[in-house]
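Observations on the three-dimensional arrangement
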Amino acid sequence: MLLLLLLQVWASCLWLGHSELVTSFESSCPQFFFRETPPNEALEPESPAWICQRYNNQYYFATLYDRKRRIPVYSAYLYQPGSGKRPKTWLVEPQLMGPTYPKTMEKEWTLLNYFSVSSEQLSKSQAILQDYKNLTGLNRGHLNPSSHHSDSSSRTATFTLTNIVPQDEKLNGGAWNNYEQQTMMRRTKGCNTTYVVVGAVPGNNYIAKGRVNKPSHIWSSACCEVDTNHRKAWAVIAENDKNEVELLTLGELEDVLTQLYGRDQVSLFDSACPRE
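An unreviewed UniProt entry lists the protein chain under the name ENDD1 protein, with Lophotis ruficrista given as the organism.

Turning our eyes to something else, we now look at the overall build of the protein chain. Tallying secondary structure elements over the protein chain gives eight helices and twelve strands in all. For 276 residues, the compact-globule estimate of 2.2 N^0.38 gives 19 Å, and the C-alpha radius of gyration of the protein chain, at 18 Å, lies within 12% of that figure. Along the first, second and third principal axes, the C-alpha atoms of the protein chain reach 65 × 45 × 40 Å. Expressed as a percentage of the 276 residues in the protein chain, the buried residues total 52%. In the protein chain, of all internal contacts separated by at least 6 residues, the share reaching a separation of at least 24 is 65%. Element-wise, carbon and sulfur atoms account for 48% of the exposed surface of the protein chain, whose accessible area totals about 13,300 Å². Averaged over its 27 positive side-chain charges, the protein chain has a centre that lies 8 Å from the centre of its 28 negative ones.

What follows deals with the pattern of salt bridges. Summed over the entire model, instances satisfying the criterion amount to six salt bridges. The shortest N-O distance in the salt bridge between Asp66 and Arg69 comes to 2.7 Å. The class for Arg69 is partly exposed, based on a relative accessible area of 28%.

Another aspect to go through is the state of the cysteines. Within the structure shown, the criterion is met by three disulfides. The partner cysteine of Cys191 in its disulfide is Cys224, sulfur to sulfur 2.1 Å. Its torsion about the S-S bond being -95 degrees, the disulfide of Cys191 and Cys224 is classed as left-handed. Of the two residues, Cys191 sits in the loop between helix H7 (175-187) and strand E7 (193-201) while Cys224 sits in strand E10 (residues 217-227), which places them 33 residues apart along the sequence. Residue pairing for Cys223: its cysteine sulfur links by disulfide to Cys273, the two sulfurs lying 1.7 Å apart. Of note, the bridge from Cys223 to Cys273 carries an S-S torsion of about -100 degrees and is left-handed in sense. Here Cys223, found in strand E10, pairs with Cys273, found in the segment after helix H8 (250-261); they are 50 residues apart in sequence, far enough to count as distant. Judged by its relative accessible area of 2%, Cys273 falls in the buried class. Indicated for the protein chain is the disulfide connectivity 1-2, 3-5, 4-6, based on numbering the bonded cysteines in sequence order.

Quick look at the packing of aromatic side chains now. Under the counting rule described, the total for this entry stands at six aromatic pairs. Relative to Phe159, the ring of Trp90 has its centre 4.6 Å away and its plane inclined at 45 degrees; by these criteria the two rings are tilted. In this pair, Trp90 is assigned in the loop between strand E4 (71-78) and helix H3 (108-114) and Phe159 in the loop between helix H5 (152-157) and strand E6 (164-168), connecting sequence segments 69 residues apart. Taken together, the ring pairs connect Phe25, Phe33 and Tyr74 into an aromatic cluster.

As a further point, take the sheet that holds E10. Across the sheet, eight strands lie side by side as E1-E2-E3-E4-E7-E10-E11-E12; this open sheet has antiparallel pairing. Looking along the sheet, the strands with just one partner apiece sit at the ends: strand E1 (21-22) and strand E12 (246-248). Across ten bridges, the pairing between E10 and strand E11 (residues 230-239) is antiparallel. Paired with Ser221 across the bridge in E11 is Ala235. The strands touched by H7 are E7, E10, E11 and E12; relative to E11, the strand with the most contacts, the crossing angle is about 170 degrees. Contacting E4, E7, E10, E11 and E12, H8 crosses the sheet at an angle of about 40 degrees to E11.

Cut-off values and rules
Residues numbered from 1 in each chain as written. Predicted model: local features only at pLDDT ≥ 70, side-chain atom pairs only at ≥ 80, totals over all residues. Heavy atoms only, no water. Helix = DSSP H or I, 4+ residues; strand = E, 2+ residues; numbered from the N terminus. Rg over C-alpha atoms; globule rule 2.2 N^0.38 Å. Buried < 20%, exposed > 50% of the residue type's maximum accessible area, 1.4 Å probe, protein only. Contact = heavy atoms within 4.5 Å. Areas by Shrake-Rupley, 256 points an atom, 1.4 Å probe, with all protein chains shown as cover. Lys, Arg positive; Asp, Glu negative; His and termini not counted. Charge placed at Lys NZ, Arg CZ, Asp CG, Glu CD. Salt bridge = Lys/Arg side-chain N within 4 Å of Asp/Glu carboxyl O. Disulfide = S-S within 2.5 Å. Phe/Tyr/Trp six-rings, centres within 6.5 Å; stacked < 30°, edge-to-face > 60°. Pairing = 2+ DSSP bridges. Axes fitted to C-alpha atoms, helices over the stretch in contact; angles between N-to-C directions.

Printed below as a string of structure tokens:
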């Protein structure tokens, strides 16, 4: 009994020593942002959660999560595509419930069975699998897609519900998929490192009896380092009820998002990324 208690104390210390739910990306997982500069505060929701997305004791990307609407605002990652199987297991973020829970993403089943967590308790802090059941015309749409990662662990890490929004199924399987697979491959030719920030603009509609927001728009932006002196950038946006993707400059996307949010001027990358 004493040994078990000591193990529990030791485990909780380990979790506390590797905090993922952070106060800023700059201090915890800046490597996913060009020049370690995340988007500015213009996109921040009322109830934000900054998540350095960790799986198997390693950070794989960063997500600004909207606790109230239960969708990500954006996910940021490095574009490193590779071949491999698409994961099937969905994960959740125990840390959103409080500091005493694991800092690494887990299966819902594990939390319910091994951590004495109820579905109700988990669902207060985030979207759960039940929210995405019986969808009509919508898919679980990744912001950070698994296909943009090169190994099994990094692909699995993208299958957290904190990286998912209700996305129009035709868009998800059509024009958006074409952008993720074809356009990104063409645009990143000659790039040494490509930083990506993909986001969702909150809409007026909800799924799951008002629990999870259905975004009005999905957008993506990229800043690529060709070499130390040359960079290129591009962006896209799509209305979340049409199978169309509009290609923009980075500056154009920032202006469109500024209008859609109706707040301060949006800045997605450090000023060294070309806006034209």
